[in-house]
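If you want the building blocks of each chain, they are given just below.
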Amino acid sequence: MSLKVLLVEDDRELRQTLNEALKLEGYEVITSASAADATAVIRHAMGSHHPLDLLILDLGLPDGDGSDLLRSVRAQFNMPILIISARHDDENKVSLLDDGADDYLVKPFHLGELLARMRVALRHRGTSVTTAQKQYAYGSLRVDLNKHAVTQAGAPIHLTPTEFKLLARLVRQAGQVVTHRQLLLDVWGPEFIEHTHYLRLYMAQLRAKLEDNPTEPLMLLTEPGVGYRLAE
Ligand code: CA
């Protein structure tokens, strides 16, 4: 099961960028843009069968200060908490760490830095971070998510951004079935969950580009009534 992260950030652009990037890394991401919403999400998630594994928290929120949320969460739960903030005075950092934050990143930060700090914080809690699969091979087809490259017998295959996102989502869980809902959510977004025809259309396009015989796929497999699975 992927690790579940709550990202609390009111800056829409940063929230979306981080959401996409964390999903690409294989995390399950929930986002929240206010302290009140985050509090409700945390209460709900921590009582569910898959509680939060990590919290990323902005300090300047429209309805309160992230540091108050930090203290109230820390008083109840043991998950790692990473602060992301534009404030950078040392005194403030020390008090946040004293209040139970695991780490602190000053904006703007590099994504790689955030991912590394997340892994460290999770390791300290004894949570094993199984990084999602980044490479895939089937016959003479090669997919390298880091290089954003798809090749057939060494020759590059051009995929549209959506085709690539769909393929990447399957690569990260190669060999496992990924549900229609999960694919629509991760590739298109929550407002497209009912649009299964998008999925059928793009899967047909991918098969046309990647399968020897698109009507009898060997790699991009249909799990009837459930979703799709990338053959291993
Ligand atoms: Ca903010």
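Cut-offs and rules
- Residues numbered from 1 in each chain as written.
- Predicted model: local features only at pLDDT ≥ 70, side-chain atom pairs only at ≥ 80, totals over all residues.
- Heavy atoms only, no water.
- Pairing = 2+ DSSP bridges.
- Helix = DSSP H or I, 4+ residues; strand = E, 2+ residues; numbered from the N terminus.
- Axes fitted to C-alpha atoms, helices over the stretch in contact; angles between N-to-C directions.
- Contact = heavy atoms within 4.5 Å.
- Donors = N, O, S within 2.8 Å, 3.2 Å for Na, K, Ca; no water.
- Buried < 20%, exposed > 50% of the residue type's maximum accessible area, 1.4 Å probe, protein only.
- Polar contact = N/O pair within 3.5 Å; in protein donor to acceptor, adjacent residues only side chain to side chain.
- Phe/Tyr/Trp six-rings, centres within 6.5 Å; stacked < 30°, edge-to-face > 60°.

1. Thoughts on the sheet that holds strand E6 (residues 81–85)
Next up, step 1: Taking strand neighbours across the sheet as the criterion, the five strands line up as E2-E1-E3-E6-E7 in an open arrangement whose pairing is parallel. In this open sheet, the two edge strands, each paired with only one partner strand, are strand E2 (28–32) and strand E7 (103–106). Between one strand axis and the next, the sheet turns through 20 degrees on average, direction left out of account.
Next up, step 2: Judged from the five bridges that link them, strand E1 (residues 4–8) and E2 form a sheet pairing that is parallel. Bridge assignment links Val5 to a residue of E2, and that residue is Val29.
Next up, step 3: Of the strands in this sheet, E1, E2, strand E3 (54–58) and E6 touch helix H1 (residues 12–24), which is tilted by about 170 degrees from E2.

2. Focus: the coordination of the calcium ion
Next up, step 1: Protein coordination of the calcium ion is provided by Asp10 (OD), Asp58 (OD) and Gly60 (O), with donor distances spanning 2.2 to 2.4 Å.
Next up, step 2: All donors of the calcium ion come from a single chain, and their spacing in sequence reads D-x47-D-x1-G. Highlighted residues: Asp10 in the loop between E1 and H1 and Gly60 in strand E4 (residues 60–61), separated in sequence by 50 residues.
Next up, step 3: Given a relative accessible area of 35%, Gly60 falls into the partly exposed group.

3. So, the side chain of Arg74
Next up, step 1: Note that Arg74 resides in helix H3 (residues 66–76).
Next up, step 2: Of the polar contacts made by the side chain of Arg74, one reaches the backbone oxygen of Phe77; its length is 2.8 Å.
Next up, step 3: Beyond its immediate sequence surroundings of up to four residues, Arg74 is in contact with Met79, Pro80, Ile81, Asp99, Gly100, Asp102 and Arg125.

4. A look at the packing of aromatic side chains
Next up, step 1: In this structure the tally under the stated criterion is three aromatic pairs.
Next up, step 2: For the ring pair Trp188 and Tyr202, a centre distance of 5.5 Å and an interplane angle of 65 degrees mean the geometry is edge-to-face. In this pair, Trp188 sits in helix H7 (residues 180–188) while Tyr202 sits in helix H8 (residues 196–210), placing the two residues 14 residues apart along the sequence.
Next up, step 3: Judged by relative accessible area, which is 15%, Trp188 ranks as buried.
Next up, step 4: These aromatic residues form a ring-pair network of at least three members: Trp188, Phe192, Tyr198 and Tyr202.

5. Let's talk about the sheet that holds strand E13 (residues 220–223)
Next up, step 1: Taken in spatial order, the three strands line up as E12-E14-E13 in an open sheet, and their pairing is antiparallel. Single-partner strands in this sheet number two, and they are strand E12 (177–179) and E13. Taken over all neighbouring pairs, the strand axes of this sheet differ in orientation by 30 degrees on average, direction set aside.
Next up, step 2: In the packing of helix H6 (residues 161–171) onto the sheet, contacts are made with E12, E13 and strand E14 (227–230), and the angle to E14 comes to roughly 70 degrees.
Next up, step 3: The strands that H7 touches are E12 and E14; relative to E12, the one it contacts most, it runs at about 70 degrees.

6. Let's talk about the environment of Val171
Next up, step 1: Among the structural elements, Val171 can be located in helix H6.
Next up, step 2: Classification of Val171 by relative accessible area gives buried; the value is 0%.
Next up, step 3: When the C-alpha atoms of Val171 and Tyr136 are compared, they prove to be 6.3 Å apart, with 35 residues separating the residues in sequence.
Next up, step 4: The contact partners of Val171, leaving out residues within four places of it in the chain, are Gln133, Lys134, Gln135, Tyr136, Val143, Leu145 and Leu230.

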